[in-house]
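One letter stands for each residue in the lines below.
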Amino acid sequence: SSDAHGNDEQQRRLVVGFVYTTKLEITEENAQGLLSTASLFGLPEIVSVCARYISKHLSPVNCLGILKFAQLFNLEDLVSAASKFHLQHFVSEVL
């Protein structure tokens, strides 16, 4: 869809802007897209910053999706954080 293409283009612009300015605005809406784009362009600094941001914004609603996303990109720390978050939340729901 055109929205998806527009988002991809915006992610690329943000990543390229970071390369020139070392400034990057990460939000809950763009963190995964930025990480994906940065991974595609081989920019591990942005991948790492985005992964830490995502880790700090885990919720019961997004933790399983984040876990799958982190596995896709082989982000061990984020996989661990999402798994722990899910287990803690699941245990609290059961108890």
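Residues numbered from 1 in each chain as written. Predicted model: local features only at pLDDT ≥ 70, side-chain atom pairs only at ≥ 80, totals over all residues. Heavy atoms only, no water.

Asks: Could you clarify how one ought to interpret the overall build of the protein chain in this entry?
Replies: If you tally the helices and strands in the protein chain, you get five helices and zero strands. Reading the secondary structure of the protein chain in the N-to-C direction produces α-α-α-α-α. By the burial criterion, 25% of the 95 residues in the protein chain qualify as buried. Here the contacts in the protein chain between residues at least 6 apart in sequence split such that 39% fall between residues at least 24 apart. Total accessible area computed for the protein chain in this model is approximately 6,500 Å², and 55% of it derives from carbon and sulfur atoms. (Helix = DSSP H or I, 4+ residues; strand = E, 2+ residues; numbered from the N terminus. Buried < 20%, exposed > 50% of the residue type's maximum accessible area, 1.4 Å probe, protein only. Contact = heavy atoms within 4.5 Å. Areas by Shrake-Rupley, 256 points an atom, 1.4 Å probe, with all protein chains shown as cover.)

Asks: What should I look at first to understand the side chain of Thr 37 in this one?
Replies: Among the secondary structure elements, Thr 37 is positioned in helix α2 (residues 31-40). Judged by relative accessible area, which is 11%, Thr 37 ranks as buried.

Asks: So what exactly am I meant to see when it comes to the packing of aromatic side chains here?
Replies: Here a ring pair, both rings aromatic, is described through the centre-centre distance and the interplanar angle of the planes. If you walk through the whole model with that rule in mind, you get one aromatic pair. Ring geometry for Phe 69 against Phe 73: centres 4.9 Å apart, planes inclined by 50 degrees, an arrangement best described as tilted. (Phe/Tyr/Trp six-rings, centres within 6.5 Å; stacked < 30°, edge-to-face > 60°.)

Asks: Explain the environment of Arg 52 to me, please; I cannot follow it from the model alone.
Replies: Within the secondary structure layout, Arg 52 lies in helix α3 (residues 44-56). A sequence separation of 25 residues divides Arg 52 from Asp 77, and the C-alpha atoms of the two residues are 8.6 Å apart. For Arg 52, the side chain forms a polar contact with the side chain of Ser 48, separated by 2.8 Å. (Polar contact = N/O pair within 3.5 Å; in protein donor to acceptor, adjacent residues only side chain to side chain.)

Asks: I'm lost on helix α4 (residues 63-72) in this one. Help?
Replies: Given 3.6 residues per turn, any residue in an α-helix points the same way as the ones three and four places further on. Considered for burial, the residues of α4 that qualify are Cys 63, Ile 66, Leu 67, Phe 69 and Ala 70. The arc that holds every buried residue of α4, seen down its axis, measures 165 degrees, which confines them to one face. Exposed residues pointing more than 90 degrees away from the buried face of α4 are listed as Lys 68 and Leu 72. A positive backbone phi angle near 55 degrees is found at Asn 74, which sits one or two residues after α4. (Arc of directions from axis to C-beta.)

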